Amino acid sequence: QVQLVESGGGLVQAGGSLRLSCAASGRTFSGYGMGWFRQAPGKEREFVAGITRSGESTYYEDSVQGRFTISRDNARNTVYLQMNSLKPEDTAVYYCAATRQLVTTTTNEYDYWGQGTQVTVSS
């Protein structure tokens with residue numbers, strides 16, 4: 001079992017920044033690829049960013065490329081999502097997730113999920 005707890009969400013103006021954190025406990029954190037997803041009201045949950053077990057490789061959804069940065073600290077069992085130049089369309093509940101596989105953009109290939117943290121970007 002892996003328990004994931006997100007933090008760092010909040011209300012920010014367009015153009016602002018937020019840093020989300022996801023703290024993991026349980027089984028060996030470094031053995032999991034990690035992803036961030038988001039879900040806006042009335043929409044499906046979508047992939048935002050992913051990072052491999054070692055942190056060597058990262059992946060981004062096109063709309064966040066160049067604005068968001070995913071990173072991880074395996075010594076602290078934590079994955080981060082730095083979000084810059086935020087837009088109102090980034091408003092959503094953000095979830096972190098862990099997969100035993102290599103990083104994937106597919107929701108149902110993740111084994112563990114956090115409870116989510118709300119990000120609201122005002123115009």
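Here, every reference points to the structure presented above.
Source: prediction; values computed, not measured.

**Re the sheet that holds strand β8 (residues 78-83)**
Logical step 1: Pairing is antiparallel in the open sheet, where four strands are placed in the order β1-β3-β8-β7. Each edge of the open sheet carries a strand with a single partner, namely β1 (2-7) and β7 (68-73). With direction set aside, neighbouring strand axes in the sheet form an average angle of 15 degrees.
Logical step 2: With six bridges connecting them, β1 and strand β3 (residues 18-26) associate as antiparallel partners. Residue Ser7 lies in a different strand from β3, and its bridge partner there is Ser21.

**Brief notes about the state of the cysteines**
Logical step 1: One pass over the full model with this rule turns up one disulfide.
Logical step 2: Paired by a disulfide, Cys22 and Cys96 hold their sulfur atoms 1.9 Å apart. A torsion of 45 degrees about the S-S bond marks the disulfide between Cys22 and Cys96 as right-handed. Taken together, the residues span a long stretch of sequence, with Cys22 in strand β3 and Cys96 in strand β9 (residues 92-99) at a distance of 74 residues.
Logical step 3: Note on Cys96: relative accessible area 0%, which makes it buried.

About the cut-offs
- Residue positions are given per chain, counting from 1 as you read along its sequence in written order.
- Under the rules for a predicted model, residues below a pLDDT of 70 receive no local features and side-chain atom pairs below 80 are neither given nor counted, while totals for whole chains, interfaces and linings still include all residues.
- Neither water nor hydrogens contribute to the side-chain values; these are computed over all heavy atoms in the structure.
- At least two DSSP bridges between two strands are required for those strands to pair.
- Helix numbers and strand numbers start at the N terminus; a helix is a DSSP run of H or I with at least 4 residues, a strand a run of E with at least 2.
- Lines fitted to C-alpha atoms define the axes, with helix axes restricted to the stretch in contact, and inter-axis angles between N-to-C directions lie between 0 and 180 degrees.
- Two cysteine sulfur atoms make up a disulfide if the distance between them is within 2.5 Å.
- Think of it in three bands: residues with accessible area under 20% of the maximum for their type are buried, residues over 50% are exposed, and the middle band is partly exposed, with areas taken using a 1.4 Å probe on protein chains only.

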